[in-house]
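Structural description and commentary
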Amino acid sequence: MSSFKIQDCHKQTIKQICESFNNNPGELISILHKTQGEFGYLPEDIQREIAKNLNISVAKVYGVVTFYSFFTMTPKGRHAISVCMGTACYVRGAEKIVDELKEQLKIKVGGVTDDGKFSLDCLRCVGACGLAPVVLIGEKVYGRVEANQIKDILASYED
Amino acid sequence: MAQYKMHLLVCGGTGCRASQSDVIVKNLESSIKELGLSEEAQVVTTGCFGFCEKGPIVKVIPDNTFYTQVKPEDCEEIVREHVLKGRRVYRLLYEDPETQKHIEDSKHMGFYQKQLRIALRNCGFIDPENIDEYIARDGYAAIGNILAEMSPEQAIDIMKKSGLRGRGGGGFPTGIKWEIASKNKADQKYVVCNADEGDPGAFMDRSILEGDPHSVLEAMAICGYCIGASKGLIYIRAEYPLAIKRLQVAISQAREYGLLGDNILGTPFSFDVELKYGAGAFVCGEETALIHSMEGHRGEPTVKPPFPAEKGYLGKPTNVNNVETLANIPVIYLKGAEWFASIGTEKSKGTKVFALAGKINNVGLIEVPMGITLREVIYEIGGGIKGGKKFKAVQTGGPSGGCLTEKHLDTPIDFDNLLAAGSMMGSGGMIVMDEDDCMVSVAKFYLEFTVEESCGKCAPCRVGNKRLHEILEKICAGKGTEDDLEYLKNLSYVIKDTSLCGLGQTSPNPVLSTLEHFYDEYLAHVRERICIAGRCKALKLYTILPDKCTGCTACTRACPVGAITGEKRQPHVIDVDKCIRCGACYDKCKFTAIHVQ
């Protein structure tokens, strides 16, 4: 698990977020969206703090966090790589791209490189099916990617 | 308002944006300014034109010139030649793949000729961030008429007569849904727009929200008036940032104009809309799961009845409609139920939007009348199979649907025919596959998706789909037996019959439909251990082409299991039973004599 230790300033931020939704447990998903936007991920300590503020069980918060694919309990790399695994990209060879990325980065899908530079994930359809197969790095979209271009693409990210 | 002679419409949909359409807008604007044409021409960022294959698209009106694959550096030339001198830039025009001629007027493009745009009527025509443009195309006229002239009952009656059926997958008649919700008495009711498009490879809802958000808002208000609800909620995927932004802009503009909020258009009717964010769960497309998610819970479905129309969001009567369904509604009231009912087939009225993708020349978003044949869609609109390969199947309905094959090419597409053919309409993903696609792998791909997305509430779906996936993996790895095929079938029926919600009840469809239409391919996997399409790594069949083999023995030495034999300077042979499909021989051979199937 992550080594995240919650500080008083973090508690303050979480409190403000929860209050902005009137500490309403019905707004849990919105609160988690906002909190993840602030911290980048949702480690255990943060979930405990949210549960405390909303006066609901930690299990409830954890249940929701793990249910939805958008929420993550591990931090992303500085450059988050997402390979589209929608059907359109799949039939146009997205699998090969994932294999190549795994090979180059020496990590699994869902993993982060040791230096924290890249993380690798798959997602379902960015909607740029005309450009299939598609790879996203941060906000940048790479379309019609071929396995032999991966090395150069990765090399263009320096730090 | 300034009168422009020319408008340059630039696609601002997600696909074209990914290829820098935002830079194109900037460059066009600065070129127009430089050449002093600011009074003559205007650049408009619109929603999706649908022709994503050749994006980014720039369309010039009034002359309907359709520029494809425009690059930021082409902008200056377009402005200098087309806007200033009135000459088309021929090298950027769409080229007809058959005649190899540049097409000057987009109306003559095969891609658009067979289409009929109702839900997408405004996508690619208007600036989605400007309410005036929507109003100029009769926007908010339908709600105006209804509030002034009709009772809710009359309005529901029109909806029933139109024959509109839900476009999210189920195909339930919209008018009847409204009627049920209207009859349930409560102090508060809700209208929910389901914009949680989770089907991989389908992006029609997103394109509508990005290209024409006001039509969805107007339809929600109409629905609110009909069923007696004053609150609307849009449940949208957080992964759609552009659609969210456009909706936010649209909502605030509509409020400003008094088209949302208290006492709309001076009538006693009040209605307002709020956004609720999803967080990525396919099962939330199911009404009850969606409602639980909006309440802040895990998106797990519950038993129906009670239906949402009776007990929905926060226990109140709730009407859930999909984005595309809603986008059809304002026009139905403007042009009449008879007009809408005259389009389509007997039981499926109107049009359907499909996201056409996969191994096809024209990938994109299309809207066609119900009853059109697959052949027309694939060969006339889609421009045929990529690279001139052979058509194999088309998958509709996403992970809940099935495959249609060559024998279905001339079947008219509508809700009932697709069901009869073992597939379903679903939300409208249409993935075309060619001879290189292995149908067992495709079934495995969808099952992988279902296993990941199953909410885990009921055992048939949680455990059963996992087992289906394992068997498919086994078959693809060349370890399957004929008994496995029987087992796949039986288990599929058990899952279908015993699952709680729509996800589990339909998740074995990709398996059942591929088993039915491509049984030979499954048999080849388990009997001969061959993947005809050559997609399954473990089943690749390596052979040596005798006319190319020089007998150099390089492969014999490379083979780790001694499967290759032969005399020196004589063609060698691979023993298929010994071969472990590692590919070492293929890599070593200098004469391309190793053939892989």
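Remember, it's a predicted structure, so these values are computed and weren't measured experimentally.

All names here are of chain B. For the structure shown, the criterion picks out 46 salt bridges over all chains. The partner of Lys304 in a salt bridge is Glu286, with the nearest N and O atoms 3.5 Å apart. Of this pair, Lys304 sits in the loop between helix 12 (287–294) and strand 8 (318–322) while Glu286 is found in the loop between strand 7 (272–278) and helix 12, placing the two residues 18 residues apart along the sequence. Assessed through its relative accessible area of 33%, Lys304 is described here as partly exposed. Here Glu286 falls in the buried class, since its relative accessible area comes to 14%.

We now examine the nonpolar core. Among the nonpolar cores identified, the biggest contains 146 residues, and Trp178, Ile234 and Tyr333 of chain B are the most heavily contacted of them. The element best represented in this core is helix 10 (residues 213–227) of chain B, accounting for ten residues. Sequence-distant contacts of Trp178 of chain B, that is, excluding residues within four places in its chain, are made with Ile156, Met159, Ile222, Cys223, Cys226, Ile227, Asn319, Asn321, Ile329 and Tyr333 of chain B. The next biggest cluster of nonpolar side chains, apart from the first, holds 43 residues, and it includes Phe4 and Leu54 of chain A together with Val192 and Ala289 of chain B.

The next subject is the confidence of the model for chain B. Parts of the model with low pLDDT should not have their predicted coordinates read in detail. All names here are of chain B. When pLDDT is averaged across chain B, the result is 93; 100% of the residues are at 70 or more. The secondary structure element of chain B with the lowest average pLDDT is helix 1 (residues 14–18), at 85, and the one with the highest is helix 10, at 98. Listed scores for the predicted complex are pTM 0.90 and ipTM 0.89.

So, about the interface of chain A and chain B. Accessible area lost upon the coming together of the parts is a frequently used measure of interface size. Taken together, the contact between chain A and chain B spans 34 residues of the former and 50 residues of the latter. Summing both partners gives a buried area of about 3,200 Å² for chain A against chain B, and 55% of it is carried by carbon and sulfur. At the boundary of chain A and chain B, one finds four salt bridges. The partner of Asp99 of chain A in a salt bridge is Lys537 of chain B, with the nearest N and O atoms 3.8 Å apart.

Next up on the list: helix 3 (residues 44–54) of chain A. Residue and element names in this part refer to chain A. Along helix 3, the residues that are buried comprise Ile46, Gln47, Glu49, Ile50, Ala51 and Leu54. Of the surrounding secondary structure, the elements contacted by the buried residues of helix 3 are helix 1 (8–20), helix 2 (28–39) and helix 4 (58–67). Asn55 occupies a position one or two residues after helix 3 and carries a positive phi of about 60 degrees.

This part is about the sheet that holds strand 5 (residues 190–195) of chain B. Through backbone hydrogen bonds, the strands of a sheet pair up, either in parallel or in antiparallel fashion. All names here are of chain B. In space, the four strands of this open sheet follow the order 7-6-5-8, with parallel pairing throughout. Bordering the open sheet on either side are strand 7 and strand 8, each of which pairs with just one other strand. Here the strands of the sheet are splayed against their neighbours by 25 degrees on average, with no regard to which way each runs. Where strand 6 (residues 231–237) meets strand 7, seven bridges bridge the pair, whose relative direction is parallel. By the bridge assignment, Leu233 is partnered in strand 7 with Glu274.

We now examine the packing of helix 18 (residues 459–476) of chain B against helix 22 (residues 519–528) of chain B. Residues and elements named next belong to chain B. Between helix 18 and helix 22, whose axes approach to 9 Å, the crossing angle comes to 65 degrees. Mapping the contact onto sequence places Leu472, Ile475 and Cys476 in helix 18 and Tyr522, His525 and Val526 in helix 22. When the residues that make up the contact of helix 18 with helix 22 are grouped by side-chain class, the tally is five nonpolar, one polar and no charged.

With that settled, the discussion passes to the domain arrangement of chain B. All names here are of chain B. The domain boundaries assigned to chain B delineate domain 1 (6–109), domain 2 (131–340), domain 3 (351–434), domain 4 (439–528) and domain 5 (540–596). For the domain 1 and domain 3 pair, buried surface summed over both sides reaches about 460 Å², with 49% attributable to carbon and sulfur atoms. Seen at the junction of domain 1 and domain 3, the total is one salt bridge. For Lys386, the salt bridge identified is with Glu53, shortest N-O distance 3.1 Å. Across the domain 1-domain 3 interface, the total number found is four residue pairs in polar contact (both at pLDDT 80 or more). The residue inventory of the side of domain 1 that touches domain 3, partitioned by class, reads four nonpolar, one polar and one charged.

All right, on to the sheet that holds strand 2 (residues 118–123) of chain A then. Residues and elements named next belong to chain A. Strands sit in the order 2-1-3-4 across an open sheet of four strands; the sheet is mixed. Of all strands in the sheet, those with a lone pairing partner are strand 2 and strand 4 (140–142), marking the two edges. Pairs of neighbouring strands in the sheet enclose a mean axial angle of 20 degrees, with direction left out of account. In terms of strand pairing, strand 3 (residues 135–137) meets strand 4 through three bridges, oriented antiparallel. Each bridged residue has a counterpart across the sheet, and for Val135 the counterpart in strand 4 is Tyr142. The strands touched by helix 6 (residues 94–105) within the sheet are strand 1 (79–84), strand 2 and strand 3, with strand 1 carrying the most contacts at an inclination of about 150 degrees.

All names here are of chain B. Burial analysis of helix 21 (residues 509–517) places eight of its nine residues in the buried class, the great majority of the element. Buried within helix 21 we find Asn509, Pro510, Val511, Leu512, Ser513, Thr514, Leu515 and His517. On its buried face, helix 21 sits against strand 12 (402–405), helix 17 (439–453), helix 18, helix 19 (482–498), helix 20 (502–506) and helix 22.

Time to look at a nonpolar patch on the surface. Residues and elements named next belong to chain B. A cluster of nonpolar side chains, namely Phe172, Ile176 and Ile180, defines an oily patch on the protein surface of about 250 Å² accessible area. Residue position: Ile180 is located in helix 8 (residues 174–183). Take Ile180: its relative accessible area is 40%, and that puts it in the partly exposed class.

The next subject is empty space enclosed by the protein. Take a probe with the size of a water molecule and roll it over the atoms, and the empty space left behind shows itself. Residues and elements named next belong to chain B. All chains considered together, the criterion is met by nine cavities of 30 Å³ or more. By volume, the largest cavity is sized at about 90 Å³. Residue lining of the largest cavity: 13 residues in total, with Cys549, Cys552, Cys555, Cys589 and Ala593 positioned closest to the centre. Across the lining of the largest cavity, the residue classes break down as nine nonpolar, four polar and no charged.

Per the counting criterion, the structure on display carries 20 aromatic pairs over all chains. With 4.9 Å between their ring centres and 75 degrees between their planes, Phe67 of chain A and Tyr68 of chain A make a pair best called edge-to-face. In this structure, Phe67 of chain A and Tyr68 of chain A share a single accessibility class: buried. With 6.1 Å between their ring centres and 80 degrees between their planes, Phe118 of chain A and Tyr157 of chain A make a pair best called edge-to-face. One end of the pair, Phe118 of chain A, is in strand 2; the other, Tyr157 of chain A, is in the segment after helix 7 (150–155), and 39 residues separate them in sequence. Per residue, the accessibility class of Phe118 of chain A equals that of Tyr157 of chain A, and both read buried. Each member of the aromatic cluster is reached from another via a ring pair, and the members are Phe49, Phe51, Phe66, Tyr94, Phe111 and Tyr112 of chain B. Taking the ring centre of Phe125 of chain B as reference, the NZ or CZ of Arg137 of chain B above it sits at 4.9 Å.

Residue and element names in this part refer to chain B. The topology assignment puts Ala554 in helix 23 (residues 554–558). On the basis of relative accessibility, which here comes to 18%, the residue Ala554 falls in the buried class. Along the primary structure Ala554 and Lys590 are separated by 36 residues, whereas in three dimensions their C-alpha atoms are 8.7 Å apart.

The next thing to look at is the pairing of strand 8 of chain B. Residues and elements named next belong to chain B. By the criterion of burial, strand 8 is predominantly enclosed, with five of the five residues buried. Judged by which residues are buried, strand 8 turns out to be covered on both faces: Thr318, Val320 and Asn322 on one side and Asn319 and Asn321 on the other are all buried. With five bridges connecting them, strand 5 and strand 8 associate as parallel partners. Counterpart to Cys193 in the pairing with strand 8 is Asn321.

Conventions and cut-offs
- Residues numbered from 1 in each chain as written.
- Chains lettered and ligands numbered in written order.
- Predicted model: local features only at pLDDT ≥ 70, side-chain atom pairs only at ≥ 80, totals over all residues.
- Heavy atoms only, no water.
- Salt bridge = Lys/Arg side-chain N within 4 Å of Asp/Glu carboxyl O.
- Helix = DSSP H or I, 4+ residues; strand = E, 2+ residues; numbered from the N terminus.
- Buried < 20%, exposed > 50% of the residue type's maximum accessible area, 1.4 Å probe, protein only.
- Core = buried A, V, L, I, M, F, W, Y, C linked by side-chain atoms within 4.5 Å.
- Contact = heavy atoms within 4.5 Å.
- pLDDT = per-residue confidence, 0-100.
- Buried area = accessible area lost by both parts, 1.4 Å probe.
- Pairing = 2+ DSSP bridges.
- Axes fitted to C-alpha atoms, helices over the stretch in contact; angles between N-to-C directions.
- Nonpolar A, V, L, I, M, F, W, Y, C, P; charged D, E, K, R; others polar.
- Domains from an automatic or database assignment.
- Polar contact = N/O pair within 3.5 Å; in protein donor to acceptor, adjacent residues only side chain to side chain.
- Patch = residues over 30% accessible without salt bridge, like charges linked within 9 Å, V, L, I, M, F, W, Y side chains within 5 Å.
- Areas by Shrake-Rupley, 256 points an atom, 1.4 Å probe, with all protein chains shown as cover.
- 1 Å grid on protein atoms, 1.4 Å probe; cavity = no way out; pocket = protein on both sides within 12 Å on 5 of 7 lines; lining within 4 Å.
- Points joined across faces, edges and corners; volume = space filled by probe spheres on them.
- Phe/Tyr/Trp six-rings, centres within 6.5 Å; stacked < 30°, edge-to-face > 60°.
- Lys NZ or Arg CZ within 6 Å of the ring centre and 35° of its normal.

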